[in-house]
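Summary of the model geometry
Okay, here's what each chain looks like letter by letter:
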Amino acid sequence: MSDLIKQGAYGAVVGATVGAPLKGQRLYRKISFYDPIPVRMAASDTLDAWAAFSGHLSSGGTIDGIGQALADNWSSWTEETAFGLANINAGIPAPMSGAHRNPLGGGSRAFGRAAYWGLAFHGRPDEAAEWAFRDASMDHSEAGAWLPAAVARMIACAQPGRSVSWVLRAGTAVIPKGCRSLAALPMLLDCAASFDGASKARNSLPIQFAFRSESEAFATFSWIVTALVIGDGAFDKTVLAAASLGGEADQVGICAGVLGALLSGETPDEWLKPLGRNYAASTSLRNIDPPPTIKQFTDLAVDAFKAHGGELVDQFEETLVVEPVIEEPVVEEPVVEEPVVEEPEVEESAADEPEPEESEPESVESPETAAEDHEADAEAAPEEPEADRTEETAAEEVADEPEPEPEPEPERVLLPPPAPSSHLMGQIAAIPTRSSQDAGGYGIEVRYLSKLPLDIDSPLEIGIAFHSRSEDEKRLKPRLEAPEGWKAADRLQEFRLAPGAESVFPAVLQPPKDYSGLAGSFWVVSGRAKPEYAIPGSQLWYITGPFDNTEGKGFDYNYPAERIQNLKEIYNGRSGLAAKWEPLWGDGRTFDLEEMFNTGPGAAHLWAKLKFPKSGRFRICCAASTGAVVWVDGKRIIRYHHEQQPWPTMDDPFEGEFTTNGESIVMIKILRNRTPLEPVTVYFLDEDGHPVDPIAWLEMDS
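Scoring rules and cut-offs
- Residues numbered from 1 in each chain as written.
- Predicted model: local features only at pLDDT ≥ 70, side-chain atom pairs only at ≥ 80, totals over all residues.
- Heavy atoms only, no water.
- Pairing = 2+ DSSP bridges.
- Helix = DSSP H or I, 4+ residues; strand = E, 2+ residues; numbered from the N terminus.
- Axes fitted to C-alpha atoms, helices over the stretch in contact; angles between N-to-C directions.
- Buried < 20%, exposed > 50% of the residue type's maximum accessible area, 1.4 Å probe, protein only.
- Contact = heavy atoms within 4.5 Å.
- Phe/Tyr/Trp six-rings, centres within 6.5 Å; stacked < 30°, edge-to-face > 60°.
- Lys NZ or Arg CZ within 6 Å of the ring centre and 35° of its normal.

What follows deals with the sheet that holds strand 12 (residues 532-535). The sheet built from three strands is open, its strands ordered 7-11-12 with antiparallel pairing. The open sheet terminates on both sides in strands that have one partner only, identified here as strand 7 (479-481) and strand 12. If you compare each strand with its neighbour and ignore which way they point, the axes differ by 30 degrees on average.

Dropping the structure here:
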């Protein structure tokens, strides 16, 4: 089995390399081999994460510590991962780190990482899915975490002899009902089964199931499924289909390469030769040396499997076929009614004969031998005739003896894939408002019960849960430590934590009277452990509107609110109603404004005076479904007006760049036409691509 895991890891390297040049492609492009043919493997920060995972497992790390292990040893500040790492550094561990103020939580960057957990826990599909889900939750939420967990479960079940449909059912069993990926499966399977199935699926999916971006987890999972079905267990076909579909082709390629290698039993040499011997690392690893060779990279997965993997139960159950035994009495039953039963001699002979089920074949099939036996019985000398029969007629009896019927072959009945446990499904379905950290043999999880973000004068209600992670009972005496100025009330007490048990205690944190909404931290102290947890803050923006936007004319119209910003100013709003600036407390990253428009067209303005951690150059993303205009310090830097389903990445037309001396005024005009307005996303990045939050929000002049 270890060799199979090694082949799966080789398949990941091949898949990442063949998919890298086709990443971001929006159309189907059929390839027949590497295109272009490489001189070495493609560097992949996703594969580098495998080294961080292996170090975490080999040091005895627990599932609660995955996110921190990545933050400590792996620095990939790209798209959704940047928000996840920023949250962890701010004291918000997984699974909440992937959901909290993460506008890209439905992205795809966890799929290639999930392949590692499928190999490490191969043969233990529930464990593979749970570790993959917790890992994905570091920088994703909902489908961005559910679907990588499903892929990890597929990989944990895949091996030679297993059918693609069986493996697919094993994975999709953990996807919550209502997920678009389940609804799209029949269409993908139908397309993949047809001629030129990959091309058909590539053209059909965006039409029937519109997705916002090629980076969306829904699209990536769909391409993995399509490649798996088209490949039908063959490595070459699986990997080629994966890369040809484009999108997040490196993530799709990694997963397809692993699945193709596990189902076929090998990664063919012709795919490995162009990659050379050396492992090509990206610049993402910190505090860990990358493996020098590709072989040593595959050893990471093998070593993890030896420590954590298991053997899968055969997918078939053997059932003995017993039809011949059942049919025999039915055939012989009419013999009982023959008239010879009335003759004494025959009755005596029949009485001497054994029942049909117990008779020797020769007594039934050879009439000559039966007559000789009857005469011998009549002379009352059975010993000599028996001896004579054995010596003189053995050859004749053997010749007349029928061929014995062969033993029935066991019937192999296909079993359904192993059903996921209720514990796993509970983890996947849980609302991601929980932060869990390892405390050495047990985990301490904080459950946020208050609606986030907090109102500045509202208490933070939490539940503090202790999970046993060892086979030993622990005696704990925890306490809650609040930040300066905050008051804490809790029901923590000394208690015993039995193996496998969980204990939950309620607590409340009350902010000070002069609380400004800034994020903070609190601590749960238990023995030597003192994990830090975040108090999610609120940001102060101002909003005014709605104003008239008949036929979309508000995009070019210069509203008075764009010229004068003062709390005392009153504007002529839509339908002649008065409008003025009102404070809007929120997370500062997502603005759900649909309610204020009351189902009609209009325009609204957002305003904030922000103090940044430092002066310099920053980028702002403003993604709206209809249109937006953004000014920073009076300079217009973003302007677009068209209907869309935005995927809020730093790309045109959502991106703008500005320079600040440390304090800037940001104003945004948001339009709503006849269709409902989706939540608007706004965030800032520094020059290194790290998410940045202002350190203060200043009030508008009055």
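Once the structure has been displayed, the description carries forward.
Now for helix 12 (residues 235-244). Note on helix geometry: an α-helix contains 3.6 residues per turn, so any two residues three or four positions apart are oriented the same way. Summarising burial for helix 12: eight of the 10 residues are buried, a large majority. Where helix 12 is concerned, the buried positions are F235, T238, V239, L240, A241, A242, A243 and S244. Backbone geometry just after helix 12 places G246 at a positive phi near 70 degrees.

So, about unusual backbone geometry. Note that the residue after D35, namely P36, is joined by a cis bond; omega there is 5 degrees. Looking at the element boundaries, P36 is found in the loop between helix 1 (2-19) and helix 2 (45-58). The omega torsion across L452 and P453 is 0 degrees, close enough to zero to call that bond cis. For P453, the position within the fold is in the loop between strand 4 (442-448) and strand 5 (460-468). The phi dihedral of D232 falls on the positive side, at around 50 degrees, and the residue is not glycine.

On to the pairing of strand 3 (residues 434-438), then. Pairing geometry for strand 3 and strand 4, over five bridges, is antiparallel. Residue pairing for strand 4: D438 is matched across the bridge by G443.

Let's shift gears to the environment of I224. Counting through the fold element by element, I224 comes out in helix 11 (residues 217-231). Under the relative-accessibility criterion, I224 is labelled buried at 1%. For the pair I224 and T238, spaced 14 residues apart in the sequence, the C-alpha separation amounts to 9.0 Å. In contact with I224, other than residues within four places in its own chain, are F111, V151, V252, C255 and L259.

A sheet is described by the order of its strands in space; here five strands give the open sequence 3-4-5-10-8, paired in antiparallel fashion. Only two strands of the sheet have a single neighbouring strand rather than two, namely strand 3 and strand 8 (487-490). The mean inter-strand angle of the sheet, taken between neighbouring strand axes irrespective of direction, is 25 degrees. Taken together, the four bridges between strand 8 and strand 10 (residues 502-510) define a ladder with antiparallel strand orientation. Among the inter-strand pairings, K487 is bridged to a residue of strand 10, identified as Q510.

Okay, the packing of aromatic side chains next. In total, this model carries 32 aromatic pairs according to the counting rule given. Relative to F654, the ring of Y640 lies with its centre 5.3 Å away and its plane at 70 degrees, an arrangement referred to as edge-to-face. Highlighted residues: Y640 in strand 21 (residues 635-641) and F654 in the loop between strand 21 and strand 22 (655-660), separated in sequence by 14 residues. Residues Y640 and F654 agree in their burial class; the two are buried. The ring of F218 has R180 lying over it, and the distance from NZ or CZ to the ring centre is 4.1 Å. Above the ring of W523, the side-chain terminus of K530 is found at 5.6 Å from the ring centroid.

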